[in-house]
Amino acid sequence: MDIVGACRAFVNVSERGSFTLGAAATRIPQPVASRRIAALERHLGGRLFDRSARRAALTPFGRDMLPSAKRLVQLADAMEHDAERARLTPLRIAVPDICAARELALLDADARRQGVYLDFRPATPAERAELLHARQVRAAVAAVPSDDGHWTVPLGLAGLSEPGAGAVYVETLRVGRADPAPRRRIWVQPEDDVPHVRDRLMRVRDAVGLQPAQVAVAPALTSAAAEAYGSADLLLCSARQAEELGLHWRPIGETELARGYDLAADGDEGERLRTLLRHGIARCLGAPADGAAP
């Protein structure tokens, strides 16, 4: 039996002295209230109301049971209030600091329609991992190798000049020692300063004979983009980032680089959020919703 529902009907009928008024206060039909109270009487083993009176008068047994019934109803109401408050408490999640405000707002709106309220903490890959480790967030969009990622974003090189070919070859940045032209550099933004991206690019640099300084990690995306704006240097980025920055983008000729992402969280929270927020996160990252490379 629904003992909370039966106790709620019992309390409301006793306070109003009427099955009709008590049922209305409980927001159920009067016959339903009568059945619930009868079931409660059978469960407790005693009559709660004297049905021979014109009003719904409590029996001695009913008067003894009323305080406990009130406490149970109050506890149930408090539990429902706490549950509602918990559902509305924002879920703090660490996201890449390259995500645009518009895309994050759309992700938040998508989540709210599914009963999830988000509180974003934009951060670099290392900072996101630390925030999750320190339990300052409940979930994080983590940078992982592309083969392990739920979402994948291909990377290429972008610059001010329109490339003539369909790909940019890193070896074309190599110059001779006697060449007076300045050595062009590839700038790596913090989002790609992770071993599975940075180290692979460094291996290509070494394989084609570039100087070590020709691949550099910038402290921020803005400073990396500034280098590309002010010279013939190239920025390692996604195609969408290049479009937003007004740069010409091409894939890398010698290798395929990609960002990989997964949703890290404690317990089953990660799988739940990954399912609920799959398309919205993909949109923020500039990745297809199915995680496959476009």
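Please refer to the structure higher up on the page.
Residues numbered from 1 in each chain as written. Predicted model: local features only at pLDDT ≥ 70, side-chain atom pairs only at ≥ 80, totals over all residues. Heavy atoms only, no water.

To continue, consider the pairing of strand β3 (residues 91-96). Of all six residues in β3, five are buried, a share of seventy percent or more. Sheet analysis places β3 next to strand β4 (residues 118-123), joined by six bridges and oriented parallel. Looking at β4, one finds that R92 is bridged to D119. Sheet topology note: the β3/strand β5 (residues 139-144) ladder contains two bridges and is parallel. Opposite I93, over in β5, you have A139 as the bridge partner. (Buried < 20%, exposed > 50% of the residue type's maximum accessible area, 1.4 Å probe, protein only. Helix = DSSP H or I, 4+ residues; strand = E, 2+ residues; numbered from the N terminus. Pairing = 2+ DSSP bridges.)

If you check the backbone angles, R27 has positive phi at about 65° while not being a glycine. With respect to the helices, strands and loops of the structure, R27 is situated in the loop between α2 (19-26) and α3 (30-44). Relative accessible area serves as the criterion here: at 78%, R27 is assigned to the exposed category. A positive phi angle, near 60°, is found at R135, a position not held by glycine. By secondary structure assignment, the location of R135 is in the loop between α6 (125-133) and β5. On the basis of relative accessible area, R135 is assigned to the exposed category, the value being 64%.

Scanning the model with the defined rule gives two aromatic pairs in all. Ring geometry for F10 versus F49: centroids 5.6 Å apart, planes at 80°, classification edge-to-face. Taken as a pair, F10 in helix α1 (residues 3-16) and F49 in strand β1 (residues 49-50) lie far apart in primary sequence, 39 residues in all. For the residue pair F10 and F49, the accessibility class agrees, reading buried in each case. Grouping aromatic residues by their ring pairs yields a cluster made of F10, F19 and F49. (Phe/Tyr/Trp six-rings, centres within 6.5 Å; stacked < 30°, edge-to-face > 60°.)

Take helix α7 (residues 195-208) next. With 14 residues, α7 ought to run about 20 Å at 1.5 Å a step, and its terminal C-alpha atoms sit 19 Å apart, in line with that. For α7, the complete set of buried residues consists of H196, V197, L201, M202, V204, R205 and V208. Looking at the packing, one finds that the buried side of α7 touches β5, β6 (151-159), β7 (186-188), β8 (215-217), β9 (234-237) and β11 (257-265). Looking one or two residues beyond α7, the residue adopting positive phi is G209, at roughly 85°. (Expected span 1.5 Å × (residues − 1). Contact = heavy atoms within 4.5 Å.)

With respect to the element layout, H196 can be found in helix α7. Only 3.1 Å separates the side chain of H196 from the backbone oxygen of V144, close enough to count as a polar contact. Once residues within four sequence positions are removed from consideration, H196 is found in contact with A143, V144 and P145. (Polar contact = N/O pair within 3.5 Å; in protein donor to acceptor, adjacent residues only side chain to side chain.)

On to the packing of α2 against α3, then. The N-to-C vectors of α2 and α3 enclose an angle of 95°; their axes lie 8 Å apart at closest approach. Taken together, the axis directions place α2 and α3 in an arrangement best described as roughly perpendicular. Contacts between α2 and α3 involve F19, T20 and A23 from the former and Q30, A33, S34 and I37 from the latter. Tallied by class, the residues present in the contact of α2 with α3 amount to four nonpolar, three polar and no charged. (Axes fitted to C-alpha atoms, helices over the stretch in contact; angles between N-to-C directions. Parallel < 35°, antiparallel > 145°, perpendicular 65-115°, else oblique. Nonpolar A, V, L, I, M, F, W, Y, C, P; charged D, E, K, R; others polar.)

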